[in-house]
Structure formats: C-alpha cells, structure tokens
Number of protein chains: 2
Amino acid sequence: MIQVSEGSIKKIDGSIDSPKGYQAKGIHCGLRYSKKDLGMIISSVPAVSAAVYTQSHFQAAPIKVTQDSLKNGATLQAVIVNSANANACTGEQGLLDAYEMRQKCADILGIEPELVAVSSTGVIGESLDMKKIREGISLLDRTTPSEGDFEEAILTTDTVTKQTCYELMIGDQKIMIGGAAKGSGMIHPNMATMLGFVTTDAHVEEGALQKALRDITDVSFNQITVDGDTSTNDMVLVMANGCAGNECLHEGHKQWPVFKKGLEFVCRDLAKQIAKDGEGATKLIEVQVKGAKSNRDAQIIAKKIVGSNLVKTAVYGTDANWGRIIAAIGDSAASVTPEKVEIHLGGQCLFKNNEPQPFSEAFAKEYLQKSEVQIDVQMNEGKGTGTAWGCDLTYEYVKINASYRT
Amino acid sequence: MIQVSEGSIKKIDGSIDSPKGYQAKGIHCGLRYSKKDLGMIISSVPAVSAAVYTQSHFQAAPIKVTQDSLKNGATLQAVIVNSANANACTGEQGLLDAYEMRQKCADILGIEPELVAVSSTGVIGESLDMKKIREGISLLDRTTPSEGDFEEAILTTDTVTKQTCYELMIGDQKIMIGGAAKGSGMIHPNMATMLGFVTTDAHVEEGALQKALRDITDVSFNQITVDGDTSTNDMVLVMANGCAGNECLHEGHKQWPVFKKGLEFVCRDLAKQIAKDGEGATKLIEVQVKGAKSNRDAQIIAKKIVGSNLVKTAVYGTDANWGRIIAAIGDSAASVTPEKVEIHLGGQCLFKNNEPQPFSEAFAKEYLQKSEVQIDVQMNEGKGTGTAWGCDLTYEYVKINASYRT
C-alpha cells in the first residue's frame, strides 16, 4: 500500500469552479420567492464523469435523465440544477420536463444533450414550471459567473452553502478537486435531497473514477444521517475534465492513491457540512468506531449510533448517556462482543468490560456543549474502522417538519 | 385453512390475572420515589411457558436468568418484575443479583427457582439495591392482590397502564387469555424497555406455544416502533397453566387457530397500547399495507413508514404529506413497483399511478387531528398484508429525552 504523504494534499479556499476549465453560475428564475433557484456547472471541454444515485425505489425524473446521459461514454460538459421542486412522482410529464431541461441547456451551450446532467431538489409531486425554467436557462447563458451563486442556487432550506476545495500534487503536476453540496433543510415539507457536485481538472480514466466515487460515497455521503429518511433525488456527481494536463490517472497509476484520497477528503468535507447543517441541528456529531471485525461492521455501528434518536436527543441535552450508545450498538447488525466494547467521550472512558466506568459528568457535560462532538467506540475485535456523521435532534427539527405546508 | 368465526373470540374487561389460577400483585419497595416498582405474577400450578427476548447484543442480566429458567422443561409458576432499574450492563454482580431475585421469589413461594422468571426495566448501568428488592419480595408475599397493582408496578414513565383480556371458546370450553405490558416513556434517560406478560388458563402444548408466540410477536410487538431504538431488556412472556381444564391444544388440534388468533389479539392489543403511549406521543399511527409481494414485505414497508421521523412529524403537524410516505416506501428493503403503489388516508386516495391525486387537504387535515390515524398503502403486487403501529414525533419527545439525568 502506498502511503499518501501529508504534504501532497492541501485544503485551499475554493469551490466547484476552482479547478481549471470550470464555470459555475446561479440565478433566480422564479421557482422560489426571491432566492436563487437555478444553477449550472459548465466545463470548457467534455469531462470524464461518474455519478451515484439514490437507492430509492422512487427515483425522480432528473435522476433518470442523468442516468441516460451517462449510459454511453460517461462524459459530461454541463450540469443543470434547480431547487424548490424535486420533479419527483410527477409521472410522464415530469420525465418530459427533465428531458426538456437537458435539451434547452445543451442548445444554449451548443453541445449534445447527452453531455448534460439534470438535477432537481424540492417539493415532491408538483410539476415544474417549465416557462420559468426555460427563461431561466436563457438567463443563465447571459449571466457572468459570480462566487457563491451556484452554491446558493442549489439550496432549499439549508442555512449555509457548502463548498470545499483541495489541491493535490500528482508527481510534479498540481491538480485541484472542488465540490459543492446541499443538504436537508425542510421548512417546506417534502423537501429532502442530498446533492453533491465535485469537479476536478485531473485527467482520470473513466472506470477508475466511477469505482473511486462508489467506494468513497460509502465512507462519506452514505455515512451521514439527519433523520434516516432517503430522498428520491439524491445524487453525487463528479466531473474530471483533464484541464490540468496530467498523465491520465488510473487504478494502476503510482499516484492513484493521492487522487483517490483527495477525492475522499472533498466528499467527506461536504458530507460533514451537510450533517452539521441538518434540520434544526445545533451540533455536528462524529462517531468513530475502531477495532471492529471489518470496516463494514465499523461503518454500520457508527451510523447506527449517529442515527439513534435517543443518542441525538441526549447530545442535544448535553447528557453523557452512554446507555443509549450501548442500546444502539446492541441493536446493530454488526458483530459485537459486549465484554470487549469500550465507549469514550472527550477523552474519558464511559464504558468498558461490560460495566460503567467512573467519569466526570461535569467534564462530559462541558464537552457536549461544543459545536462538534466526537464519540469514540473501540470494539476490540479486529481492525475495522468506520466513521459516521450526524446532528442532534432538537425542538427545531420537530418545528420545521411539523409545520403545515404553505 | 380453518376460518376463525367472529363469535368465538370476545374482548372482555380483564387483565393478566383474569384467566383461572393466576394472581398478580404490585407494591412500592423503594426503587422509585413513591410509585409502585415491584410486581409478581403467580400461577397456582406450574404453567407451560414461552418467551421471546430482545435481539440486542447486550442482553441484560434478568434476560439471561429467565432464559436459564426456561432452558429445561419450559414451565414457570411465577414472574418477578422490578421497574426503575434495568439491571443491564452491570457485569457479574448484576447477574448474581438477578439470580438472587429468582431464588428469593422461589423461597417465599416454596417452589423451585427454575419455575421463576425475572424481568427488569429502568436505568441502564446501575446496580440494583438488593436490600430493597429482598424486603420488597417479602412484602409481596404478605400483600393481597389488588386490581391494577401489577400493571402499575412495571411502568417506568408510561402515562397509562396497559392491559387486555380475551375470552375464547375452544369447542364447548371457555378459556381466557389476559395480558399486561409496559412501553417506552423515558423522562429518566436510559430507560427504554418493552415488556409484555400474557397469561392463559388454556392447556397448551409447549412447542406449539413457543412457536405461536414467535409468529405472533413478529406481527404485533415487533411491528411497533416509538423511536427505532431497541432496549437491552425487552421481553414478552406467556404462561399457560391449563386451569381451564381443556383438552391440550397443539398445532394439529382443530381449535388451534382459535387459540392462536386469540393470543394474537392479546399481543396486538398490548402492542397498540404501547405505541399509543410512546414518549411524547399525541396520536397512535397505524399503517396497513396490502397487496405486497409477501407478508414480510408488507410488514417491512409498514414499519418503515411508521418509523420515519418525517412521517411522524407530519402526522403531528396534521399534514397529509404523502411525499414522505413515498420516501419511506422507496427506501424500504421490500419489493416495490412505483407505478403500482397507492396511498390512502381517511378514505381519500393521495397517490396512484406514480402521480399525486387530487384530494381535499381540509378533510385530510381534519382526519389527522384524530387521536388514532390510519395510513393505508396498496402495493398491487401480490397478496402480502402487514400492519405496524407507532406514534407521532413531538416537541415533548425531544423534551423528555433531552432532559439531563437527575
């Protein structure tokens, strides 16, 4: 295994449009009252692309259209995204609308429609206002890119934009990987979509990119949970346009681990930002599981803990309630040997040898008041590690999600 | 398949001590501040018994002791139950304490300890105050049974007691099945145990009883969810003492379906009472799924819907938010054909043919204001049916579970 040296990957200020050859735009086209609601990513040349989609049985129309674009060749040159309306459960008309979005976008850019991906987020079950979308796409064409516009345009009720950028040294060649995402805020019920967009100027072989995205999604986006509900529109898309001019990266390439690690950092970074901005959240919760029988087991346990309503409310209440962590571990599908499990919080051991350990409640309470809380679990069964991210469960979550649709 | 006639099973006023030959008692022994906290069920003769236990990797000490009692012979004559303390994650001492509870109970009744089951519910990770337990068991011995005492003694922060009773005609012979349960209220964090006790005066063959309990648990207690967290102490126990004097019931017996259906009614009844009294709940939610590929698929879908935080908050907010129901179905592990799925609420069809259907929001909102809400899903794929029960997610849930341990 090749070690990825610390110095070869560096976080920098930047976003989806930082890698060479990308533009990102965002405008208000009228789907929302006043906020930006239509965004576009454009690459100067076709980019090798890969995507992962929601596992929901009810995949929304734009998901189907993007899958169609990627079914041959796996290259994209643009992505068109709207917020406010998910174009999900909208029947045949919804599919026609998503195809029209793709065509319209291709037309203004003068490219083939198969080079365009489509993505939507917002209310389920309402038809898109295509007049606004059409006019919006024309307006996008006349709009100069401006920092943060795209990131804003893809939000629903997220409270902050999410972006990140890493710089990697691939041998002597500098490449960049940038990303933007939206998460789950749902003042307007029915909204719940996780979208992630990643761009890189690296030259990457297609199959390797798809495989890397799949692997990395499992340890980043798939390891976050806000409320355990999966949207019909989730998608993570990565574009690699090769504008950095590097030698093509593939799985056998000496520098492949550097690229893959960089992509993982970008995805994890976005995933954490989504978890932290979960509906009504006041804290990011990170659960690190070590010593599990396998990495998969560790991931299952970590996600089970971070997804437990009881753990989430305990963290909100700054209560070092390890019994709820035990209940979550105990109920997980992973291999668990109760006598071997240890639970640590803020440097204190709370549980070990199947018995509670003495600890300072005051210190634990103080630790839990931080805006980022880490729970460490040692399974002492093997070498598997896994991390998951989530947020606390608050009155605000109930308020947001119980308010009647307006 | 033998049809169970309506008239052969009748719900009556009664509880765990209504079937012939049972007594149930409850007292305050001092584990709780003032409420009853120690209960006992006694059969006049050894009863064929069966139990199902929590699937948690962390099974509490009393669960292990009860398993030990039932490992040979499967007969019980008494059950001792305490609330306030789960005796879970209490190491070797916890196991010794649970065995001592069993022995002490056997001593005062003058029976073998293997005829006694032990059950505990309450805080995880604290040792039992055995002095209070010992004195309490002696006090139980001197106490005259009084209606509702046992049902009260097993509660933690449930707001109401849960009991039921059914009368069955097995040929010409009348038998009774009674039950008591506790659910999940958790003002005091770390508490979360579902306990169900069922008694019958029927004479039943041991293997058949165990199998029936297992089958029925899957469609009753295992189909309720309050917050998706599983306790270390969950247990459902059924005792059949034969005092009704009927011919022994077994799977080949002509009247077996009547008995099994009666047992199912008792378990469902208790399960629904637990769901309705979930932490902070204002409403019982019942989800009925029909036309699924299999019964198991229907159960999975029903439980997924009723367990969705988004559905739970929508019901709390009286919002006919079918998109969240779709999201839950879409994310389920069952077989789903989106175009075939129908969602009905209060007699109105909300979703069909993969498209929203016109419906009266006002009527739906009014329907959702009821204290018992039913969501109907038709999968149109097969003949599988399944039901699940849960409750709404409210501010009160967060309040209860975020409050610091005192």
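Computed from a predicted model, the values in this text were never measured in an experiment.

S.K.: Help me understand the domain arrangement of chain A, please; the structure alone is not making it clear to me.
M.R.: Many structure descriptions define interface size as the accessible area lost when the parts assemble. Residues and elements named next belong to chain A. Once the domains are mapped, chain A shows domain 1 (6-271) and domain 2 (284-402). Here the C-alpha centre of domain 2 lies 32 Å away from the C-alpha centre of domain 1. Across the boundary between the two partners, domain 1 contributes 12 residues, which contact 14 residues of domain 2. Where domain 1 abuts domain 2, roughly 1200 Å² becomes buried across the two surfaces, and 52% of that area is made up of carbon and sulfur atoms. Along the contact surface separating domain 1 from domain 2 lie 0 salt bridges. Taken together, the connections running from domain 1 to domain 2 amount to 0 residue pairs in polar contact (both at pLDDT 80 or more). Only α5 (206-219) and β9 (224-225) provide two or more residues apiece to the side of domain 1 that touches domain 2. For the side of domain 1 that touches domain 2, the residue count by class is 5 nonpolar, 4 polar and 3 charged.

S.K.: Hey, could you run me through the relation of the copies chain A and chain B in this one?
M.R.: Both copies of the chain are related by one operation, a rotation about an axis with a shift along it. Overlay of chain A on chain B (RMSD 0.0 Å): rotation 180 degrees, translation along the axis 0.0 Å. Given the turn and translation reported, the copies of this chain are related as if by a two-fold rotation axis. Identified as the residue of chain A closest to the rotation axis by C-alpha distance is A:Tyr395, at 2.7 Å. When the interface residues of chain A are mapped onto chain B, 100% of them again fall at the interface, so both copies present the same face.

S.K.: In this structure, what is going on with the sheet that holds strand β12 (residues 342-345) of chain A? I would like to understand it.
M.R.: Either a parallel or an antiparallel arrangement is found when strands of a sheet pair, and the pairing is made through backbone hydrogen bonds. Residues and elements named next belong to chain A. What the 7 strands build is an open sheet, ordered β9-β16-β11-β15-β12-β13-β14; its pairing is mixed. Each of the sheet's edge strands pairs with one partner strand only, and the pair in question is β9 and β14 (355-356). Here helix α10 (residues 361-368) sits on the sheet in contact with β12, β13 (348-352) and β15 (372-378), set at roughly 125 degrees to β15.

S.K.: What exactly am I supposed to notice about the sheet that holds strand β13 (residues 355-356) of chain B here?
M.R.: Residue and element names in this part refer to chain B. Read from one edge to the other, the open sheet built from 6 strands follows the order β13-β12-β11-β14-β10-β15, with strand pairing classed as mixed. The two strands at the open ends of the sheet, each matched to only one other strand, are β13 and β15 (384-391). In this structure, strand β10 (residues 284-292) lies alongside strand β14 (residues 372-378), joined through 7 bridges in parallel fashion. When the bridges of β14 are listed, Leu284 appears paired with Glu372. Sheet strands touched by helix α9 (residues 322-330): β11 (342-345), β12 (348-352), β13 and β14. Its angle to β11, the strand with the most contacts, is close to 135 degrees. Against the sheet, helix α10 (residues 361-368) makes contact with β11, β12 and β14, and its axis sits at roughly 125 degrees relative to β14, the strand it touches most.

S.K.: I'm lost on the interface of chain A and chain B in this one. Help?
M.R.: On the side of chain B, 59 residues touch chain A, which itself brings 59 residues to the contact. Summing both partners gives a buried area of about 5000 Å² for chain A against chain B, and 56% of it is carried by carbon and sulfur. For the pair chain A and chain B, the number of links is 0 salt bridges. Along the contact surface separating chain A from chain B lie 1 residue pair in polar contact (both at pLDDT 80 or more). Counting residues per element, the ones that place at least two in the side of chain A that touches chain B are α8 (309-316), α9 (322-330), β14, α10 and α11 (395-402) of chain A. Broken down by element, the side of chain A that touches chain B gets its largest block of residues, 7 residues, from α9(A). Of the residues assigned to the side of chain A that touches chain B, the class counts are 26 nonpolar, 23 polar and 10 charged.

S.K.: Whenever I open this one, the pattern of salt bridges confuses me. Can you help?
M.R.: Where charged atoms of side chains with opposite charge meet at close range, the side chains can pair. All told, the structure shown has 37 salt bridges over all chains when counted by the stated rule. Note that B:Asp68 and B:Lys71 form a salt bridge whose closest N and O atoms lie 2.6 Å from each other. Judged by its relative accessible area of 18%, B:Asp68 falls in the buried class. With a shortest N-O distance of 2.9 Å, B:Lys260 and B:Asp215 are connected by a salt bridge. Here B:Lys260, found in helix α6 (residues 256-276), pairs with B:Asp215, found in helix α5 (residues 206-219); they are 45 residues apart in sequence, far enough to count as distant. B:Lys260 sits in the partly exposed class, given a relative accessible area of 24%. Taken together, the shared-partner salt bridges connect A:Asp68, A:Lys71, A:Arg102 and A:Glu114 into one network.

S.K.: How do you make sense of the packing of aromatic side chains when you look at a structure like this?
M.R.: Two descriptors summarise a pair of aromatic rings, namely the distance from one centre to the other and the angle between the planes of the rings. Tallied over the full model, the rule gives 13 aromatic pairs over all chains. Taken together, a centroid distance of 6.2 Å and an interplanar angle of 70 degrees make the contact between A:Phe351 and B:Phe58 edge-to-face. Of the two residues, A:Phe351 is situated in strand β13 and B:Phe58 in the loop between β3 (38-53) and α1 (61-70); the pairing between them involves two chains. Ring geometry for B:Trp256 against B:Phe259: centres 5.6 Å apart, planes inclined by 35 degrees, an arrangement best described as tilted. Highlighted residues: B:Trp256 and B:Phe259, both in helix α6, separated by 3 residues, approximately one helical turn. Residue B:Phe259 is classed as buried on the basis of its relative accessible area of 0%.

S.K.: Could you clarify how one ought to interpret the pairing of β12(A) in this entry?
M.R.: The side chains of a regular strand alternate, residue by residue, between the two faces of the sheet. Residues and elements named next belong to chain A. Of the pairings in the sheet, the one linking β12 to β15 comprises 4 bridges and is antiparallel in character. Its bridge partner lying in β15, His344 is registered against Asp376. Across 3 bridges, the pairing between β12 and β13 is antiparallel. Residue pairing in the sheet places Leu345 in a bridge with Gln348 of β13.

S.K.: Help me understand the UniProt feature "binding site: substrate" (unreviewed entry) in chain A in this model?
M.R.: All names here are of chain A. Under the feature "binding site: substrate" (unreviewed entry), the UniProt entry names Thr156, Lys182, Thr193, Glu279, Asn401 and Thr406. Relative to the helices and strands, Asn401 is located in helix α11. By relative accessible area, Asn401 is classed as buried at 0%.

Cut-offs applied
Residues numbered from 1 in each chain as written. Chains lettered and ligands numbered in written order. Predicted model: local features only at pLDDT ≥ 70, side-chain atom pairs only at ≥ 80, totals over all residues. Heavy atoms only, no water. Domains from an automatic or database assignment. Contact = heavy atoms within 4.5 Å. Buried area = accessible area lost by both parts, 1.4 Å probe. Salt bridge = Lys/Arg side-chain N within 4 Å of Asp/Glu carboxyl O. Polar contact = N/O pair within 3.5 Å; in protein donor to acceptor, adjacent residues only side chain to side chain. Helix = DSSP H or I, 4+ residues; strand = E, 2+ residues; numbered from the N terminus. Nonpolar A, V, L, I, M, F, W, Y, C, P; charged D, E, K, R; others polar. Least-squares fit on C-alpha atoms with pLDDT ≥ 70 in both. Pairing = 2+ DSSP bridges. Axes fitted to C-alpha atoms, helices over the stretch in contact; angles between N-to-C directions. Buried < 20%, exposed > 50% of the residue type's maximum accessible area, 1.4 Å probe, protein only. Phe/Tyr/Trp six-rings, centres within 6.5 Å; stacked < 30°, edge-to-face > 60°. UniProt positions renumbered as here; feature names shortened; annotations may be inferred.

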